[in-house]
Amino acid sequence: MKILVTGGAGYIGSHTLVELLNANHDLTVIDNLSNSKMESIKRVEQITGKSLIFRLVDLCDINDLEDVFKKNRFDAVLHFAGLKAVGESVKEPLRYYHNNITGTINLCRVMSKYNIRNIVFSSSATVYGNPASVPITEDFPVNTVNPYGTTKLIIEIILKDIQIANPEWNVVILRYFNPVGAHESGLIGEDPNGIPNNLVPYISQVAVGRLPYLNVFGNDYPTKDGTGVRDYIHVVDLAKGHLKAIDKISSDPGYCVYNLGTGKGFSVLEMIKTYEKWADRPIPYKIVGRRAGDIAECYADPLKANRELGWSAKLGIDEMCRDTWNWQKNNPDGFPS
């Protein structure tokens, strides 16, 4: 298939590009490089031995976006582009609402104009907010607790309304849990700008000496050791889920929602301990107060994706920490600018 990938230079996008190229899809990637680097695209081509088309485009610039569609006929769109830090979204909600929602509306308007009606959207388990119980199934109530999650939920609603208005649209929503890990080559991985917002890249930067210690936000949650519990999923497993979504969208499914997670929860302290084993060094940390917008426990029921997509996570916590460390030790400062 000929596929447009938005935000393809980012962490999840770049790993998905590897899997798509290995499956012989024809790719055009657009990214504004606001939280990613061109080096990741070069390394994707190095890993696969295949090439793709890259365009520096911001989805909020509808003219530049339309120029991409004028020159290509796409079969489907994989939509990763968006700001993604929970804490930052609490501090800068208008920036998140403008970037994530306006960008998606522009994308859908241009898709409609050029009669492209297949889209896979990168959503998040944050749409479930603070769930009443775990594991979380796709029919759980949605109730977001931060602006980042709210942007994801609003986009889901927009895409559902588009599909209802025009049943020729096919929409697959993938609700990610907590992506971690890196490609086994160590050539691509998570490389956030500034101080990381997510646990594992923060641990990595402490392990490699870029940061002095890790802040653990709260040890008084009602969990096994008092620290937050999350469903961490290896980014390569997540990337492979997108191949299954592309297969699904080819069957004209209408509107579908899937959790992509392992179905298992690990605490912050369990992740630190496992990472220490693979890095062969201690990870200093400090217990600090809870962070606004965080919840105690969150993990998926992934059975629907297994049943309808034929997808399940294969890699465990050891592979997640091993591959993250392999990436970080080979790239202590992340991608070169």
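Residues numbered from 1 in each chain as written. Predicted model: local features only at pLDDT ≥ 70, side-chain atom pairs only at ≥ 80, totals over all residues. Heavy atoms only, no water.

**Quick look at the sheet that holds strand 1 (residues 2-6)**
Strand order across the open sheet formed by seven strands is 3-2-1-4-5-6-11, with parallel pairing between neighbours. Either end of the sheet is taken by a strand with one partner, and the two such strands are strand 3 (53-56) and strand 11 (255-260). Neighbour-to-neighbour, the strand axes of the sheet open up by a mean angle of 20°, direction not taken into account. As paired elements, strand 2 (residues 26-31) and strand 3 share four bridges and run parallel to each other. Counted as the bridge partner of Val29 is Phe54 from strand 3. Strands in contact with helix 8 (residues 235-249) are strand 1, strand 4 (76-79), strand 5 (118-124), strand 6 (170-176) and strand 11; relative to strand 6, the strand with the most contacts, it is inclined by about 160°. (Pairing = 2+ DSSP bridges. Helix = DSSP H or I, 4+ residues; strand = E, 2+ residues; numbered from the N terminus. Axes fitted to C-alpha atoms, helices over the stretch in contact; angles between N-to-C directions. Contact = heavy atoms within 4.5 Å.)

**What about the sheet that holds strand 14 (residues 297-298)?**
In spatial order, the strands read 12-9-14; together these three strands make up an open sheet with mixed pairing. If you trace the sheet from one side to the other, it starts and ends with strand 12 (266-267) and strand 14, each paired once. For strand 9 (residues 229-230) and strand 12, the ladder comprises two bridges, and the chain directions are antiparallel. Its bridge partner being in strand 12, Arg230 is matched across the sheet by Phe266.

**Describing empty space enclosed by the protein**
Considering all chains together, one arrives at two cavities of 30 Å³ or more under this definition. In this model, the largest cavity occupies a volume close to 60 Å³. What lines the largest cavity is Tyr11, Val180, Gly181, Glu190, Val200, Pro201, Ser204, Thr324, Trp327 and Gln328. If you list the elements that add at least two residues to the lining of the largest cavity, you get helix 7 (199-207) and helix 11 (317-330). (1 Å grid on protein atoms, 1.4 Å probe; cavity = no way out; pocket = protein on both sides within 12 Å on 5 of 7 lines; lining within 4 Å. Points joined across faces, edges and corners; volume = space filled by probe spheres on them.)

**With respect to helix 2 (residues 38-48)**
Regarding helix 2, the residues found buried are Ser40, Ile41, Arg43, Val44 and Thr48. Buried residues along helix 2 cover an arc of 165° about the axis, so they all sit on one side. Tucked inside the fold, the buried residues of helix 2 contact helix 1 (11-22), strand 2, strand 3 and helix 11. Downstream of helix 2 by one or two residues, Gly49 has phi in the positive range, about 70°. (Buried < 20%, exposed > 50% of the residue type's maximum accessible area, 1.4 Å probe, protein only. Arc of directions from axis to C-beta.)

**Details of the packing of aromatic side chains**
A complete count under the given rule lists five aromatic pairs for this structure. Between Tyr275 and Trp325, the aromatic rings sit 6.1 Å apart at their centres with planes inclined by 80°, giving edge-to-face as the arrangement. Of the two residues, Tyr275 is situated in helix 9 (residues 268-279) and Trp325 in helix 11; the sequence distance between them amounts to 50 residues. Neither Tyr275 nor Trp325 differs from the other in exposure class; each is buried. Ring centres of Trp327 and Phe335 lie 4.9 Å apart, and the angle between their planes is 55°; this geometry places the pair in the tilted category. Classification of Phe335 by relative accessible area gives buried; the value is 7%. Ring pairs connect the aromatic residues Phe69, Phe74 and Tyr114, which therefore count as one cluster. In this arrangement the basic side chain of Lys286 is found over the ring face of Tyr213, its NZ or CZ atom lying 4.2 Å from the centre. (Phe/Tyr/Trp six-rings, centres within 6.5 Å; stacked < 30°, edge-to-face > 60°. Lys NZ or Arg CZ within 6 Å of the ring centre and 35° of its normal.)

**Brief notes about the pattern of salt bridges**
With the rule as written, the count across this model stands at 15 salt bridges. Between Asp318 and Lys277 there is a salt bridge; the shortest N-O distance is 2.6 Å. With a gap of 41 residues between them, Asp318 in helix 11 and Lys277 in helix 9 connect regions that are remote in the sequence. In this structure Lys277 comes out as exposed when scored by relative accessible area, which is 52%. Of the charged contacts in the structure, one is a salt bridge between Arg322 and Asp323, with a shortest N-O distance of 2.8 Å. Under the relative-accessibility criterion, Arg322 is labelled partly exposed at 36%. Residue classification places Asp323 among the buried positions, given a relative accessible area of 6%. (Salt bridge = Lys/Arg side-chain N within 4 Å of Asp/Glu carboxyl O.)

**Describing unusual backbone geometry**
Between Val134 and the following residue, Pro135, the backbone shows a cis peptide bond with an omega angle of 0°. Among the structural elements, Pro135 can be located in the loop between strand 5 and helix 6 (147-165).

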